[in-house]
Amino acid sequence: MNSSAKNKTPRRTVLVTGCTGGIGRAVAVTFAQNGWNVVGHDCISGDKARQLKACITAHGVDFSLIKADFSSKRQVNRFIAQAAELRIDSLINNAGGYLAAKHFTELQLEDLSAALMVNLSTPILLSGCVFDGMKRRKFGRIVNISSIAAKYGGSGSSVHYGCAKRGLEALTKTLAREGAPHNILVNTVRPGVIDTDFHRKFPKDMKKRVAMIPLKKMGTPQDVADAVFYLASDVNGFVTSEIITIAGGE
Ligand SMILES: NC(=O)c1ccc[n+]([C@@H]2O[C@H](COP(=O)([O-])OP(=O)(O)OC[C@H]3O[C@@H](n4cnc5c(N)ncnc54)[C@H](OP(=O)(O)O)[C@@H]3O)[C@@H](O)[C@H]2O)c1
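Sequence order sets the numbering: in each chain, residues are counted from 1 along the sequence as written. Owing to the predicted nature of the model, reporting of local features is limited to residues with pLDDT of at least 70; listing and counting of side-chain atom pairs is limited to 80 or more, with chain, interface and lining totals taken over all residues. The side-chain numbers reported here are obtained from all heavy atoms of the structure, hydrogens and water having been left aside.

The next thing to look at is the pairing of strand E6 (residues 184-191). Burial classification: accessible surface area is computed with a 1.4 Å probe over protein chains only, and a residue below 20% of its type maximum counts as buried, one above 50% as exposed, and the rest as partly exposed. In DSSP terms, a helix is any run of H or I states spanning at least four residues, a strand is any run of E spanning at least two, and both are numbered starting from the N terminus. Most of E6 sits inside the fold, with 8 of its 8 residues counted as buried. Burial of the side chains of E6 extends over both faces: Ile-184, Val-186, Thr-188 and Arg-190 are buried on one face and Leu-185, Asn-187, Val-189 and Pro-191 on the other. As judged from the 6 bridges shared by strand E5 (residues 140-145) and E6, these two strands associate in the parallel manner. Bridge pairing in E6 links Ile-142 to Val-186. Between any two strands, at least two bridges found by DSSP are needed for them to pair. Relative to strand E7 (residues 243-246), E6 runs parallel, the two being bridged by 4 bridges. From the neighbouring strand, Val-189 faces E7, where its bridge partner is Ile-244.

By definition here, a helix of n residues has an expected span of 1.5 Å times n minus one. Along its 12 residues, helix H3 (residues 46-57) runs 17 Å from first to last C-alpha, staying within 8% of the 16 Å computed at 1.5 Å per residue. Within H3, burial applies to Ala-49, Leu-52 and Ile-56. One face of H3 carries all of its buried residues, which in axial projection span an arc of 65°. Within H3, the exposed residues directed more than 90 degrees away from the buried face are Asp-47, Arg-50 and Gln-51. What the arc covers is the set of directions going from the helix axis to the C-beta atoms.

Quick look at the packing of aromatic side chains now. Two aromatic rings are characterised by how far apart their centres lie and by the angle between their planes. Put simply, two rings from Phe, Tyr or Trp (the six-membered ring, in Trp's case) pair if the centres are within 6.5 Å, and we call them stacked under 30 degrees between planes, edge-to-face over 60, tilted for the rest. A full pass over the atoms with the stated rule returns 6 aromatic pairs. Between the aromatic rings of Phe-31 and Phe-229, the centroid separation amounts to 4.9 Å while the plane-to-plane angle is 70°, which identifies the pairing as edge-to-face. Linking Phe-31 in helix H2 (residues 22-33) with Phe-229 in helix H10 (residues 221-232), this pair joins segments that are 198 residues apart in sequence. Summarising the burial analysis for this pair, Phe-31 and Phe-229 share the class buried. Their ring planes at 50° and their centres at 4.8 Å tell us that Tyr-98 and Tyr-161 sit as a pair that is tilted. Pair noted here: Tyr-98 is in the loop between strand E4 (90-93) and helix H5 (109-137) and Tyr-161 is in helix H7 (residues 159-179), with a separation of 63 residues, a long-range link. Neither residue differs from the other here; Tyr-98 and Tyr-161 are each classed as buried.

Before going further, it helps to spend a moment on the site of the ligand. Note on definitions. A residue lies near a molecule or strand when any single heavy atom of the residue is within 4 Å of it. With respect to spatial proximity, 30 residues lie near the ligand, and among them Asn-94, Tyr-161, Thr-196, His-199 and Lys-201 are the closest. Whenever two N or O atoms come within 3.5 Å, that pair is a polar contact, provided that in protein one can donate a hydrogen and the other can accept it, and provided that, for residues adjacent in sequence, both atoms are side-chain atoms. With respect to the ligand, the backbone of Ile-44 contributes an N or O atom lying 2.8 Å from an oxygen atom. In the environment of the ligand, an oxygen atom lies 2.6 Å from a nitrogen or oxygen atom belonging to the backbone of Asn-94. Here, Shrake-Rupley sampling with a 1.4 Å probe gives the accessible areas, and only protein chains in the shown set may cover a residue. Expressed as a share of its isolated accessible area of 880 Å², the protein-covered part of the ligand is 94%. Of all the secondary structure elements, the ones that give two or more residues to the shell around the ligand are H2, strand E2 (37-42), H7 and helix H8 (198-201). Charged residues are taken to be Asp, Glu, Lys and Arg, nonpolar residues to be Ala, Val, Leu, Ile, Met, Phe, Trp, Tyr, Cys and Pro, and polar residues to be all remaining types, Gly included. Classifying every residue of the shell around the ligand by side-chain character gives 13 nonpolar, 13 polar and 4 charged.

This is how it looks when you write it as structure tokens:
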């Protein structure tokens, strides 16, 4: 082996859950543009995944995809076992959503379990699964995608979602403390209203909602992706345990 090959450090790898959604896609592409290999995860979206693969590999980096429905115990366990085999330098716990928009007076245990599994339990398990490898390599970055709902509480119909996201923020605090001695930096990004399919799944009066935002517009997925890349790459050497709100002043 010649010395240049010997000294070549491997590309860094990011794992982005929910990588075919609006924010996840922008995050995955931003890492690829900066020379990172991407391991993506999605739940169902086949065509979107194929398009994303083409877009990412065009940057000369590797892309692989793991599919899993995070509301299924069996699929989560399989996903965690697969992730444990990988070298992950940065983890973006991005997959999430309401799953059901139900008033809290009508929530059933099944609704709650599913929302907590997708938005909280899987990120906890996944963080635990990549943590030891990050420790060994003395480098790790984790960003948990929360929501403005964790700041103000959500509506009466999204309490299951808001509570799960608040739990994710508690996870950030613990992991940041545990990770600090090992150069593992862990932060929360709290998006406000971002223009993605998220809002089309449970339509509401968006005009009214946008009027409440001081900047009077929705954010773009790239607004979130730029902050996530900063926090979850080598660029960040000193920010940990923080909550960065990207919400047009809300
Ligand atoms: N958009 C906003 O205004 C906003 C505001 C605050 C917080 N957020 C948070 O930002 C993150 C990304 O949201 P987004 O706006 O990009 O929404 P999105 O376009 O709806 O994407 C959501 C992603 O989560 C995945 N997902 C949903 N249910 C899942 C399940 N049961 N198992 C596994 N994966 C699942 C989806 O996978 P499939 O597409 O394969 O189903 C998709 O990739 C979420 O955590 C969301 O809570 C968004």
